Amino acid sequence: MQEINVTFTHSGENIEVFVEELKNAVLGFLDLYGEPAFLGQEFCRILGTENRFSNLLHVAGMSEYDFFKTVISQLEPANHKSETRVFAGDIELPKRFLLPILEVIIPGDTLCGIKDVATYEQLTNVSVPEDEREDLQKVIDKYPVRLSKHVIRQSRISKHVAYQFMPFVEELDESGLRNTWVGQFHKGLLEQMYQNRPIFVLHMSCPVYCRFCFRKHKDCRNLPTPKIKDVLTALEHIKNSPRIKEIVLTGGEPLLNKDTLTCAIEGLEQIPHIQTIRIASRCISYYPQLFYAHESFWLEYLTEKSRSLQADNKRIEIATHFIHPDEISHYSLDIISKLVSNGVGVYTQTPFLNNCNDSGQELTSLYNELRGAGSEIHYVYIPCSPIQGNKVYWTPISAGHKAAAYMRAYLSDRAIPIICTATRIGKIDWNTSGWAVEPSREYSGKIWIRSPYTQEYFREFAPQFELKEARVNSAGTLDSAFMAEIGDESLYLGSITEHAAPARPFKQENLEFLQKETIKDQRLPFSIVNTGIPALKRPHLTTVEMDIQALEDFRDAMNYISEHTELTDVILTPRKSLLDCVEMLPMYAKELQLIPHIRAMRVRSLTFAYQPDLFSDEVVDTIAGLNLLNASSPTRVELETQFIHSSEIQEVHGHLIRNFLSKGVTVYNNILLLSGINDNEDEMKKICYKCRQIGIELLLLYTAGMPVQEKWNASSPVDATTVIHIATNLRRHQSGREVPLYAVKTPLGDADFNFTARIVKAEIPDSSDPDKNEGSVWMKLLPYSLSYYRKIDPDYHWPQGVSEQDGHPVIEVKGLTVASNRHFFLRE
């Protein structure tokens, strides 16, 4: 039989590929990844459940040859500045479906260094305008260009991927800085900005060079690769520095040098005070083939190393970067799910880029999917580093704030990132540990950002620290001059001047009382709309809570969840102990795994904190056995618990959590801020440190609004300034992975303290009359509006007591007061 082929042009050559090869690539892809959760429900309806490619051809009205000829003719030209849409007949094909076709017509996994414009055109199939060629050559000469074949393929179908990696003439704009990273301590391969965690630079180059990278001007890209002796010298310094608890192994790309990375990991494993080894790698997104090379060496090595580290109560994590949903490939999700399922934590960080992921919608889609595969969501950096050559990527600070409000409205709380800025003297979390103070008169084009750091903090580990483009503020911390536009003058908050006094002293009997109150009924009463089902509450657009023992409502609840495609999370809540109903979990998991839009089944167990001995291996295996992490249709299982005091966290918890993590199940903690219990920085530091030490993922620190808080804090409210002091100290002294989100619980949904939930009115409690010493504040919730709720319920009206300001609801929140720094909080 004569072979049928399709001809196309790439790299200046006419190339022929066999239709049979293209067909086999598509069939193999659909067998593994042809699920609605990955390719979209509408496209999968066309595919059907059997003979899917044949069904697609039938609906498109095409033969195999015509189909591939039509698709390839649309993929052949490369235009990195406009969106590529590929059709077969009237059917728009998902970008992910096109990737296996591109792998046939642009094969290989090599890395391509580009030295001239002609090579760039050849490899990418673009045509550079004549009037840009000279300038683009200057860019290539100044800033190295390197692409993976994976990125070249993805850029063919996504302008958002091309935008990150392809050189552009605007890079010649010298606006900005040559360097924004100023490590206070440098010793060989070590750079250190914080007391307890240095970065360990193990390789000088990357598989692909991001055009917005903060190391864009680093001369180290041209330096020789570190040798084993350099690694050993750095390990000796770390061994003699007991304050260091975590290490970030980075570069460049550390996974490119097997010898130095394995030497560093195995050396760190032997140092008793090292608790966590973090590997910073972007290869999961832009060079996933590295994880499969050499018989999947890195996947196997990291898995085995994770097991041996866990035996010593240590952990290994991968810190990766994703920018836009178009970067997510089946390879990326497969790598994440494999790592997490085998106990290797993965978390995602994201630079915020103008005209790429700056509306909030892109990040919502990105994080929803990555989280389903098993990744934790960590930072969004606003704006991206103001490096020379990167001006096209810059956004005003206000754009990041708007995106944060959008994500809070449309993302599960488990997928909300920390919105941070990396100043020259360290990171800040917006409007808690740091904020915009005022425009800088001293430094043109810069604003003052309040940071949580002090001169004394840096001089303890870097005696040579000098105050450059920084100043001491009225509270004793440092303000840093940062190059950015504010975008909204109301974001300048000024300075804090006063300190808040503790609300009441700690008493053991108070803690014991609150522990009993907490577990009386673990169900929460919050529902932003009436679901019509007694056992089903809806605390957020994306989330429902189900009384796990209300079997009479089971079928109605599953139908409701299936019909509401904006839902991503189901929280199963026992009335008292999860152990009373753990045998019901498989029934729920079986149903939820059939619903494509559900990404996570979360199981609440507050008694986990107080009855860990009852969580037998059988119970752990039952819960973990329901965890479904994969690239095509995941339903992640998570355990939610609550520790409110450091004394509650025991070694038995660590043993249980390590068992859960080894099977890919995250245990996360929501902390309640309670007056006289943990409303001080020392106690909160202990809670966060212990959680991190035993492997608990910190999620929310509820500053107010939970039922127990409303009762307990009402007569002795927490001053809003206390939250700022706690956030300041956590950011200054703890690992960034030990810092929670500071949230407010309301009947209208969660929001972020002093960020997307802003105090607009506050009562001053009467301290002379203890019986009347009740505190309340009124907060404007920026993520929400009347139209938001009416998308869920067209007949929705504001509940009693809720007013409206600037289109957003204003609601009373009890248990908080503004006794100090009223000028700071009441700025409306």
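To be clear, the structure that these remarks concern was listed above.
Within each chain, residue numbers correspond to sequence positions counted from 1 in written order. For this predicted model, a pLDDT threshold of at least 70 governs which residues receive local features, and a threshold of 80 or more governs which side-chain atom pairs are given and counted, while totals over whole chains, interfaces and linings are taken from all residues. The side-chain numbers reported here are obtained from all heavy atoms of the structure, hydrogens and water having been left aside.

1. Describing the overall build of the protein chain
Point 1. Numbering goes from the N terminus for both helices and strands, where a helix is a DSSP run of H or I of at least four residues and a strand is a run of E of at least two. Counting its secondary structure elements, the protein chain contains 28 helices and 35 strands.
Point 2. Since a compact globule built from 828 residues should have a radius of gyration of about 28 Å, the 27 Å found for the protein chain is in line with a globular shape.
Point 3. Expressed as lengths along the three principal axes of its C-alpha atoms, the size of the protein chain is roughly 95 × 70 × 55 Å.
Point 4. A simple rule labels every residue: compare its accessible area, found with a 1.4 Å probe on the protein chains alone, to the largest value its type can have, and call it buried under 20%, exposed over 50%, or partly exposed in between. Counting across all 828 residues of the protein chain, residues that qualify as buried make up 63%.
Point 5. A sequence separation of at least 24 residues applies to 78% of the contacts in the protein chain between residues at least 6 apart.
Point 6. Only the protein chains shown count as covering a residue, and every accessible area follows the Shrake-Rupley method with a 1.4 Å probe. By element, 48% of the accessible surface of the protein chain is carried by carbon and sulfur atoms, the whole surface being about 30,700 Å².
Point 7. Lys and Arg are tallied as positive, Asp and Glu as negative. Neither His nor the chain termini are counted. In plain terms, the charge of a residue is placed at NZ if it is Lys, CZ if Arg, CG if Asp and CD if Glu. One way to put it: in the protein chain the 86 positive side-chain charges average out to a point 4 Å from where the 107 negative ones average out. What the globule rule says is 2.2 Å times the number of residues to the power 0.38, and the radius of gyration is computed from C-alpha atoms. For this analysis, residues touch if any pair of their heavy atoms sits within 4.5 Å.

2. Here's the deal with the environment of A475
Point 1. The topology assignment puts A475 in the loop between β19 (470–472) and β20 (478–483).
Point 2. Classification of A475 as partly exposed rests on a relative accessible area of 26%.
Point 3. Separated by 184 residues in the primary sequence, A475 and F291 place their C-alpha atoms 48 Å from one another.

3. What about the packing of aromatic side chains?
Point 1. Paired rings are identified among Phe, Tyr and Trp, the last through its six-membered ring, by centres lying within 6.5 Å, and are further divided according to the angle between planes into stacked (under 30 degrees), edge-to-face (over 60) and tilted (the rest). Considering all chains together, one arrives at 39 aromatic pairs under this definition.
Point 2. Of the aromatic side chains, those joined through ring pairs into one cluster are Y406, Y410, Y784, Y788, Y789, Y796 and W798.
Point 3. The side chain of R96 reaches across the aromatic face of F38, ending 4.7 Å from its centre.
Point 4. Taking the ring centre of Y194 as reference, the NZ or CZ of R197 above it sits at 4.1 Å. Charge over a ring is defined by NZ of Lys or CZ of Arg lying within 6 Å of the ring centre and within 35 degrees of the ring normal.

4. With respect to the sheet that holds β19
Point 1. For two strands to be treated as a pair, DSSP must find no fewer than two bridges joining them. The strand order β17-β18-β20-β19 describes an open sheet built from 4 strands, whose pairing is antiparallel. In this open sheet, the two edge strands, each paired with only one partner strand, are β17 (435–439) and β19. Along the sheet, successive strands turn relative to each other by an average axial angle of 35°, direction set aside.
Point 2. Pairing between strand β18 (residues 446–450) and β20: 5 bridges, direction antiparallel. The partner of K446 across the bridge, within β20, is M483. Structural elements are reduced to axes, namely lines fitted to C-alpha atoms, with helices fitted over the stretch in contact, and the angle between N-to-C directions of any two is expressed from 0 to 180 degrees.

5. Description of the nonpolar core
Point 1. F67, L93, F97, F200 and L249 are the most contacted members of the largest nonpolar core, which totals 258 residues.
Point 2. When residues in this core are grouped by element, the largest group, 7 residues, is from helix α14 (residues 289–311).
Point 3. In this structure, F97 is in contact with V26, F29, L30, L39, F43, L56 and F67, ignoring residues within four places of it in sequence.
Point 4. As used in this record, nonpolar core signifies buried Ala, Val, Leu, Ile, Met, Phe, Trp, Tyr and Cys residues forming a set joined through side-chain atoms within 4.5 Å. Judged by nonpolar contacts, the second largest core, of 11 residues, contains F185, I425, F461 and L478.

6. Details of the pattern of salt bridges
Point 1. Put simply, a salt bridge is a Lys or Arg side-chain nitrogen that is within 4 Å of an Asp or Glu carboxyl oxygen. Inspection of every chain in the model, using the stated rule, returns 49 salt bridges.
Point 2. R211 serves as the salt-bridge partner of E171, at 3.0 Å between the closest nitrogen and oxygen. Here E171, found in the loop between α10 (159–165) and β7 (185–187), pairs with R211, found in the loop between β9 (197–201) and α11 (228–239); they are 40 residues apart in sequence, far enough to count as distant.
Point 3. The salt bridge partner of E376 is R414, with a shortest N-O separation of 3.0 Å. On the criterion of sequence distance, the pair formed by E376 in strand β14 (residues 376–381) and R414 in the loop between α17 (397–410) and β15 (418–423) is long-range, its members being 38 residues apart. Across the pair, exposure class does not vary: E376 and R414 are buried alike.

7. Looking at the environment of S308
Point 1. Tracing the chain through its elements places S308 in helix α14.
Point 2. Considering only alpha carbons, one finds S308 and E269, 39 residues apart in sequence, at a separation of 8.8 Å.
Point 3. Here a polar contact is taken to be a pair of N or O atoms separated by no more than 3.5 Å, where protein atoms must pair a possible hydrogen donor with a possible acceptor and residues adjacent in sequence count only if both atoms sit in side chains. Within the local environment of S308, its side chain forms a polar contact with the side chain of E269, the two groups lying 3.1 Å apart.

8. Observations regarding helix α19 (residues 508–518)
Point 1. Considered for burial, the residues of α19 that qualify are N510, L511, L514, Q515 and T518. With its buried residues spanning 140° around the axis, α19 presents them on a single face. When the buried face of α19 is taken as reference, the exposed residues oriented beyond 90 degrees from it are E509 and K516.
Point 2. Looking at the packing, one finds that the buried side of α19 touches α25 (707–714). As used here, the arc is the angular range of directions from the helix axis to the C-beta atoms.

9. Re the sheet that holds strand β31 (residues 757–762)
Point 1. Strand order in this open sheet of 4 strands is β31-β32-β34-β33, and the pairing throughout is antiparallel. Among the strands making up the open sheet, the edge pair consists of β31 and β33 (803–805). The mean angle between the axes of side-by-side strands here comes to 40°, regardless of whether they run parallel or antiparallel.
Point 2. Bridge analysis of strand β32 (residues 776–781) against strand β34 (residues 808–814) gives 5 bridges, and the strand direction is antiparallel. Residue pairing in the sheet places S776 in a bridge with K814 of β34.

10. Focus on the packing of helix α16 (residues 361–373) against α17
Point 1. In contact at an axis separation of 9 Å, α16 and α17 are set at 45° when each is read in the N-to-C sense. With respect to α17, the element α16 is oriented oblique. Remark: the crossing between α16 and α17 carries right-handed chirality. Of α17, the residues touching α16 (which contributes Q361, L363, T364 and Y367) are Y406, M407 and Y410.
Point 2. Think of it as three bins: nonpolar holds Ala, Val, Leu, Ile, Met, Phe, Trp, Tyr, Cys and Pro, charged holds Asp, Glu, Lys and Arg, and polar takes everything else, Gly as well. Here the residues of the contact of α16 with α17 sort into 5 nonpolar, 2 polar and no charged. In this scheme, roughly parallel covers angles under 35 degrees and roughly antiparallel covers those over 145, while 65 to 115 is roughly perpendicular and the rest are oblique. Two helices crossing with the near one rotated counterclockwise from the far one by less than a right angle form a left-handed crossing, whereas a clockwise rotation gives a right-handed crossing.

11. Examining the side chain of E253
Point 1. In this fold, E253 is placed in the loop between β10 (246–250) and α12 (258–269).
Point 2. Look at E253: it is buried, it has no salt bridge, and the nearest opposite charge is R282 at 8.7 Å.
Point 3. Each residue touching E253, except ones within four places of it in the same chain, is listed here: H203, S205, C206, P207, A280, S281, R282, C283 and Y286.

12. Concerning the environment of Y410
Point 1. Considering the arrangement of structural elements, one finds Y410 in helix α17.
Point 2. In this structure the C-alpha to C-alpha distance between Y410 and I382, which are 28 residues apart in sequence, comes to 19 Å.
Point 3. Sequence-distant contacts of Y410, that is, excluding residues within four places in its chain, are made with T364, H540, L541, T542, Y788 and K791.
Point 4. Side-chain polar atoms of Y410 contact the side chain of K791, separated by 3.0 Å.

13. What to know about helix α22 (residues 617–624)
Point 1. All buried positions along α22 are accounted for by V619, V620, I623 and A624. One side of α22 holds all its buried residues, which, seen down the axis, span an arc of 125°. Exposed residues pointing more than 90 degrees away from the buried face of α22 are listed as D617 and E618.
Point 2. Summarising the contacts, the buried residues of α22 are in contact with α21 (585–592), β25 (636–641) and α23 (651–662).

14. A word on the packing of helix α6 (residues 95–105) against helix α9 (residues 149–157)
Point 1. Running from amino to carboxyl end, α6 crosses α9 at an angle of 130°, the nearest separation of the two axes being 10 Å. Relative to α9, the element α6 is oriented oblique. Note that α6 runs across α9; the crossing there is right-handed. For the pair α6 and α9, contact is made by K95, L98, L99, L102 and E103 and by H150, R153, Q154, R156 and I157, respectively.
Point 2. Broken down by class, the residue content of the contact of α6 with α9 amounts to 4 nonpolar, 2 polar and 4 charged.

15. As for unusual backbone geometry
Point 1. Between G251 and G252 the backbone carries a cis peptide bond, its omega angle lying at 15°.
Point 2. Locating G252 in the fold gives a position in the loop between β10 and α12.
Point 3. The phi dihedral of H294 is positive, around 50°, even though this residue is not glycine.
Point 4. Within the secondary structure, H294 is located in helix α14.
Point 5. You can call H294 exposed: its relative accessible area is 72%.
Point 6. At E295, a residue that is not glycine, the phi angle is positive and equals roughly 60°.
Point 7. In this fold, E295 is placed in helix α14.

Honestly, that's just the spatial picture; any functional story needs more than this.
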